[in-house]
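# Overview (structure and organization)
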Amino acid sequence: MLTDHRYQEILSRLNGTGRVGVSDVAAYLRVSEETIRRDLKVLEERGVLRRIHGGAVPPRLDQDRPLHERGKTNPREKARVAANAEGLIRDGMSVFIDTGTTTLAFARRLSGRNLTVTTNSIDVALHLGNGPARVNLTPGMLRARDNALVGYETVAYAQRFYFDIAFMGIAACDLTHGWMDYEEHESALRKVLRGQARQSVLLADSRKFGRQANLCTFGLSERLTLVTDRPPPQPFLDHFTQHDIDLISS
């Protein structure tokens, strides 16, 4: 718990001022500077900050990077998430898979499955289109950096259907603000999908926890199934347990 308290203090200062200094935090928490440096290393590995000389600053935002570049980040974690989620699939299901690197990793595991798949990801559609799955591609405006179809037409199309299960990516998970996204397009679509599926599944690798993005998409208490590569940090795990969130992890 002491470690979690230090992490929260570091992230609180970072979110408040945009920078955190090793010596300042060490003095405030009455621990050694080496302890804070180790904390910063752990938090950088989780993707929630970027270490610099003498402290840390927020991580570089990756929402503008092309999909193929983002796919090279944490590939093993995303592959474990995809493997853990595969057990939720049964042949004959009607499935929605939205855009993102983790959802694409998941779609790659579904080759040969007899499904009806609706997606706003051109990459997901192309990958599954050569197999036995029936693939429906949503309308929308093309976002070239990740081959996604987004916008009002995409959301309206999703509202016409009811799915057995919807698999969604997410940008970040914060204890105060909940599940977060960077862009309105993703946030709006995911809110709709939650109401259009019997089971709503978030695919989130463990580095999403403790991060913040721009928009609040879901509260942490909303009923969802969370699939991740390893158990979340203890404060998140406690919260999910209290609110009966379905958690699947390695």
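Right, let's walk through the structure included here.

As for its position among the elements, Pro59 is in the loop between strand E3 (55–57) and helix H4 (67–70). Setting aside anything within four residues of it in sequence, one finds Pro59 in contact with Gly47, Val48, Leu49, Arg50 and Arg211.

What follows deals with the pattern of salt bridges. A full pass over the atoms with the stated rule returns 20 salt bridges. Where salt bridges share partners, they join Arg143, Arg145, Asp146, Glu183 and Glu186 into one cluster.

What follows deals with the sheet that holds strand E10 (residues 172–174). As a general point, the strands of a sheet are linked pairwise by backbone hydrogen bonds and lie either parallel or antiparallel. Taken in spatial order, the three strands of this open sheet run E10-E11-E13, and their pairing is antiparallel. Every interior strand has two partners, whereas the edge strands, E10 and strand E13 (215–218), have only one. This sheet shows a mean twist of 45° between the axes of neighbouring strands, independent of strand direction. Bridge count for strand E11 (residues 178–181) against E13 is three bridges, and the pairing is antiparallel. From the neighbouring strand, Asp181 faces E13, where its bridge partner is Leu215. In the packing of helix H9 (residues 184–195) onto the sheet, the strands contacted are E11 and E13, and the crossing angle to E13 comes to about 15°.

Each value, and the rule that gives it
- Residues numbered from 1 in each chain as written.
- Predicted model: local features only at pLDDT ≥ 70, side-chain atom pairs only at ≥ 80, totals over all residues.
- Heavy atoms only, no water.
- Helix = DSSP H or I, 4+ residues; strand = E, 2+ residues; numbered from the N terminus.
- Contact = heavy atoms within 4.5 Å.
- Salt bridge = Lys/Arg side-chain N within 4 Å of Asp/Glu carboxyl O.
- Pairing = 2+ DSSP bridges.
- Axes fitted to C-alpha atoms, helices over the stretch in contact; angles between N-to-C directions.

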